[in-house]
Amino acid sequence: MIIFNFVISSPLTFGQVKLKERFLNKGSSHPEVFDPHLKVEQVVEGLELPTTMAFLGPDDFLVLEKDKGTVMRVTGGTIMPLPLLDVDVANFIERGMCGIAVSTNGAKTYVFIYFTEINGMDGEDRKGKAPIGNRLYKYEMTNGKLTNPVLLLDLPALPGPRHNGGAIEIGPDNNIYVPVGDIDGSFRPDYKATVTQNLEKGADADGRSGILRITQDGEPVGEGILGDSIPLRLYFAYGIRNSFGLGFDPVTGFLWDTENGPANGDEINLVNPGFNSGWEEVYGFSSSIKKFNNADLVTFDNAGKYDEPKLVWMRTAGLTSIVFLDSDKLGVQYKNDIFVGDVHTGRIYHFKLNPERNDLVLPEVLADRYIRNSVNFGAPDIVFGEGFGGITDLTVGPDGYLYIVSIGQGKVFRILPK
C-alpha cells in the first residue's frame, strides 16, 4: 500500500482570507415531490451539519457530521448516542467531514472517509491554524467501532477553505474514485496552477483538480491514463474546479459528475477516462468564454480530451450529489434514471438518458442545454422535488428507495410510494 502525500505549503494564514460562510438553505417543514404517487418521509432528525451517508444494511447507515468530525450510526431511525469515530477536523466554510463509502469483503466491512484533518481541536483553522491536509482513510468496522485507520491519500488543503471535493464512490471495478477541486487556489499568486488545471507550464500535478482513482488498498490502478509519475498516474479525469458528486451508471458503468462554477456555469458531465473538464481555461460551455481556444488546453500528449457539459446552469445552484436509481421501487418509469441534488435551492432534479446512455434527454425548453434562471425555467419538466434545504447527498438504500441528506435541516429523508 502506498501513501500519496501531495501537501503544498503557503505563507498565508487563514485569518488573511476574507471569506464568509454561506447561509444554509433550511428548506420547508414539509419538503415535497411532484409525482402524486410518491411521498417524502423523514427518517431521522437531530444531526449537526450532516454531509454524506453510507449504508451498512437495511435501516442501518453511517452519516458524517461536518464540523464535529464525527461518524454517527443511525439504526431504525434512531441516532446511536456515541459516535463510531471522532476525528479532529478543520471546518471553516467547506472543510470538514466530506465523504464516506462502505465496502464489504467477505466477513469484513471497510469504511472509507475523506476529511480535512487538523493537528489540534475542531475548527482551529478558523483562528489561523493550518490544516494538515485533505485525507482519505480506510477503517475496519470492528465491534461497532471504526478501527485500524490506514491513510490512503494525503492531499492539499491549502489555501482553501473551499473546493475540497471528497464525495467518494466505489466504482463497478471496486476501485475508489474521489473528486478533488482546486482547493480555492485558482488565480491566487501564491498558488501556481498545475498542469491538471490546464496550465501548460504549470506546477506538477499534486492531487488537485481531478478525479482520482485508487484500489481499496491505496494502490494505483493499472497504467496511468495521463502519465506514469505519481500522482499523475492516479488521475482518471482532470480540469475539475469544484465537484461534490460522482455517480456510476448501473447499466453501462459510465461515470458522471456534477461541478460548480464561480458564480455561474454549474455542470453535469459524462466523465470518460482522461476527461478534461477545462478548468482554469473554461467552465460552463466553451462558447460562453471569450477568446476560448481549445489549443490552450493541456492534453498530456493527447491522452486527455475536453468534452462539453451535458447541461449548464447560468446561476449557480450549488450542485452536489448525482445518483442513478438502480431500483423500480418508485416505479419502473424511474429505474436507472439520474437524480441530482443542490445545496442552494434544496431541489432534486430528475433526468432520463438517451438509448446509448451517453446523454441527457431534455425538454424542449432546455433544447440549448442552458438553464438561464434556476427559479423559473420550466421546473415541472426536470424538478422532481423541493424544500429539502441544502442537499449534500442522495443515495439509494438497500430497500430501493431514494434517501436525501439535508445539511440545512440536519435530517435524512427518503422518498417512497404513497
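Now for a description of the structure that goes with this document.

Rules and cut-offs
- Residues numbered from 1 in each chain as written.
- Predicted model: local features only at pLDDT ≥ 70, side-chain atom pairs only at ≥ 80, totals over all residues.
- Heavy atoms only, no water.
- Helix = DSSP H or I, 4+ residues; strand = E, 2+ residues; numbered from the N terminus.
- Rg over C-alpha atoms; globule rule 2.2 N^0.38 Å.
- Buried < 20%, exposed > 50% of the residue type's maximum accessible area, 1.4 Å probe, protein only.
- Contact = heavy atoms within 4.5 Å.
- Areas by Shrake-Rupley, 256 points an atom, 1.4 Å probe, with all protein chains shown as cover.
- Lys, Arg positive; Asp, Glu negative; His and termini not counted.
- Charge placed at Lys NZ, Arg CZ, Asp CG, Glu CD.
- Pairing = 2+ DSSP bridges.
- Salt bridge = Lys/Arg side-chain N within 4 Å of Asp/Glu carboxyl O.
- Phe/Tyr/Trp six-rings, centres within 6.5 Å; stacked < 30°, edge-to-face > 60°.

A tally of helices and strands in the chain yields one helix and 31 strands. Radius of gyration (C-alpha) of the chain: 20 Å, near the 22 Å computed for a compact globule of 418 residues. Judged by the C-alpha coordinates and their principal axes, the chain covers about 55 × 55 × 45 Å. For the chain, the proportion of its 418 residues judged to be buried stands at 61%. Sequence separation of at least 24 residues holds for 62% of the intrachain contacts in the chain that already meet a minimum separation of 6. A total of about 16900 Å² of accessible surface is found on the chain, and carbon and sulfur atoms cover 49% of it. The positive charge centre, built from 39 side chains, and the negative charge centre, built from 54, are 4 Å apart in the chain.

All right, on to the side chain of Asn242 then. Within the element layout of this structure, Asn242 appears in the loop between strand 16 (235–238) and strand 17 (245–248). The buried category is assigned to Asn242, whose relative accessible area is 10%.

Another point: the sheet that holds strand 21 (residues 305–306). Taken together, six strands build an open sheet; the order of strands is 13-14-15-16-20-21 and the sheet is mixed. The outermost strands of the open sheet, each flanked by one partner alone, are strand 13 (169–170) and strand 21. Both strand 13 and strand 14 (residues 176–180) contribute to a ladder of two bridges, which runs antiparallel. Each residue of the ladder has a partner; that of Glu169, found in strand 14, is Tyr177.

With that out of the way, let us pick up the pairing of strand 24 (residues 338–342). For strand 24, a buried count of five out of five residues is recorded, marking the element as mostly surrounded by other parts of the structure. Of the two faces of strand 24, the one lined by Ile338, Val340 and Asp342 and the one lined by Phe339 and Gly341 are each fully buried. Relative to strand 24, strand 23 (residues 319–324) runs antiparallel, the two being bridged by four bridges. Directly across from Phe324, in strand 24, lies its bridge partner Ile338. Between strand 24 and the antiparallel strand that follows it, strand 25 (residues 348–353), lie five residues; Gly346 among them carries a positive phi value of about 70°.

Now for the environment of Pro131. Structurally, Pro131 can be placed in the loop between strand 10 (108–117) and strand 11 (133–142). Using a relative accessible area of 7% as the deciding quantity, one classes Pro131 as buried. Residues Pro131 and Glu45 lie 86 residues apart in sequence; the distance between their C-alpha atoms is 30 Å. With near-sequence residues (within four places) excluded, Pro131 lies in contact with Ala90, Arg95, Thr116, Glu117, Ile118, Ala157 and Leu158.

Here the focus is the pattern of salt bridges. A complete count under the given rule lists 20 salt bridges for this structure. We note a salt bridge from Asp217 to Lys138, for which the minimum N-O separation is 3.0 Å. Of the two residues, Asp217 sits in the loop between strand 15 (210–214) and strand 16 while Lys138 sits in strand 11, which places them 79 residues apart along the sequence. Classification of Asp217 as partly exposed rests on a relative accessible area of 45%. In this structure, the salt-bridge partner of Arg414 is Asp399, at a minimum N-O distance of 2.7 Å. Of this pair, Arg414 sits in strand 31 (residues 411–417) while Asp399 sits in the loop between strand 29 (391–396) and strand 30 (402–406); the two residues are 15 residues apart in sequence, bridging distant segments of the chain. Through salt bridges that share partners, Glu41, Asp399 and Arg414 make up one connected network.

Here five strands make up an open sheet; going across it, the order is 17-18-19-22-27 and the pairing mixed. Where the open sheet ends on each side, the last strands, each with one partner, are strand 17 and strand 27 (370–371). Bridge count between strand 19 (residues 266–271) and strand 22 (residues 311–313): three bridges; the pairing is antiparallel. Counted as the bridge partner of Ile268 is Leu311 from strand 22.

Looking now at the packing of aromatic side chains. This structure, assessed with the given rule, holds 16 aromatic pairs. With a centroid separation of 5.4 Å and 15° between ring planes, the pair formed by Phe115 and Tyr137 is classed as stacked. One end of the pair, Phe115, is in strand 10; the other, Tyr137, is in strand 11, and 22 residues separate them in sequence. Ring centres of Phe292 and Tyr306 lie 6.1 Å apart, and the angle between their planes is 50°; on these two criteria the pair is classed as tilted. Residue Phe292 is located in the loop between strand 20 (275–276) and strand 21, and its partner Tyr306 is located in strand 21; the two are separated by 14 residues in the primary sequence. Accessibility expressed as a relative area gives 11% for Tyr306, which makes it buried. Counting every residue linked through ring pairs, the aromatic cluster contains Phe55, Phe61 and Tyr403.

Keep in mind these numbers describe shape, not what the thing actually does.
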